[in-house]
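# Tertiary structure, described
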Amino acid sequence: TLSADGSTVTTGAGATLARVYDAVGRAGRAIAGGSCATVGVTGLTLGGGAGVLVRSFGLACDQLIELELVTADGVVHTASIDSDPELFWASRGGGGGILGVVTSLTFATQPAPTVTEWHYSFPFSAAAAVIAAWQSWAPSSDPRNWSTLKLLGGLAKHPHGPSVGVSGTWTGPASQLGGQLAPLLAGLPAPL
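The rules behind the values
Residues numbered from 1 in each chain as written. Predicted model: local features only at pLDDT ≥ 70, side-chain atom pairs only at ≥ 80, totals over all residues. Heavy atoms only, no water. Salt bridge = Lys/Arg side-chain N within 4 Å of Asp/Glu carboxyl O. Helix = DSSP H or I, 4+ residues; strand = E, 2+ residues; numbered from the N terminus. Buried < 20%, exposed > 50% of the residue type's maximum accessible area, 1.4 Å probe, protein only. Pairing = 2+ DSSP bridges. Axes fitted to C-alpha atoms, helices over the stretch in contact; angles between N-to-C directions. Contact = heavy atoms within 4.5 Å.

## Brief notes about the pattern of salt bridges
The tally for this structure, following the rule as stated, stands at three salt bridges. Among the salt bridges present, the one from Asp 62 reaches Arg 92, with a minimum N-O distance of 3.8 Å. Linking Asp 62 in helix H4 (residues 60–63) with Arg 92 in helix H5 (residues 85–94), this pair joins segments that are 30 residues apart in sequence. Asp 62 sits in the partly exposed class, given a relative accessible area of 45%. Relative accessible area serves as the criterion here: at 25%, Arg 92 is assigned to the partly exposed category.

In structure tokens form, the structure reads like this:
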């Protein structure tokens, strides 16, 4: 359920990311979370919640503003920064264990960004150079750019041998993406 102004969304604990993203996205809003549609929003959030918008928006738990939780003694708690703040803190990754059964979560939303996805594949013979370039570039790249590097193999999906791939999600203006990626690609062989 979205608030009247769309600035928050409250969801039941069993909702999948796809359902939450759909409801929020229809209103032109977004929350950062994972990239797998069938993952449950509660498990993702209580474990931190890394996803492709993490550099732009933070972790899913960073956007959590309230949760309802039933403890083992049957007491229903509504925890936030102002109400039961220690339980709230522990539920956002600080507790290291199960504190109770979460029944609902409320997140702050943000205006949905324009997202540009990008991907480059390189021959496996360039893996050392690609890894070095990516490790040098990624930590200091623009926070609107999330990236991952993957070494992939296996005959079923890669019958011609292993490969190395770099991909990402850019939330800035599409016209600026080339300039953001130029330092990564400088000195590397041409992508496949």
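## So, the sheet that holds strand S1 (residues 8–12)
The strand order across the open sheet formed by four strands is S1-S5-S3-S4, and the pairing between neighbours is antiparallel. With one partner strand each, in any of the chains shown, S1 and strand S4 (76–80) form the two edges of the open sheet. Across this sheet, the average inter-strand angle for adjacent strands is 15°, counted without regard to direction.

## Comments concerning the sheet that holds strand S7 (residues 116–123)
Sheet architecture is open: three strands sit in the order S7-S9-S8, paired in antiparallel fashion. If you trace the sheet from one side to the other, it starts and ends with S7 and strand S8 (145–152), each paired once. Going from strand to strand, the sheet's axes swing by 15° on average, the running direction of each strand aside. As paired strands, S7 and strand S9 (residues 163–170) are joined by eight bridges and run antiparallel to one another. Bridge assignment links Phe 122 to a residue of S9, and that residue is Val 164. The sheet contacts of helix H6 (residues 127–137) involve S7, S8 and S9, and relative to S8 the element is tilted by about 160°. Contacting S7, S8 and S9, helix H7 (residues 177–185) crosses the sheet at an angle of about 25° to S7.

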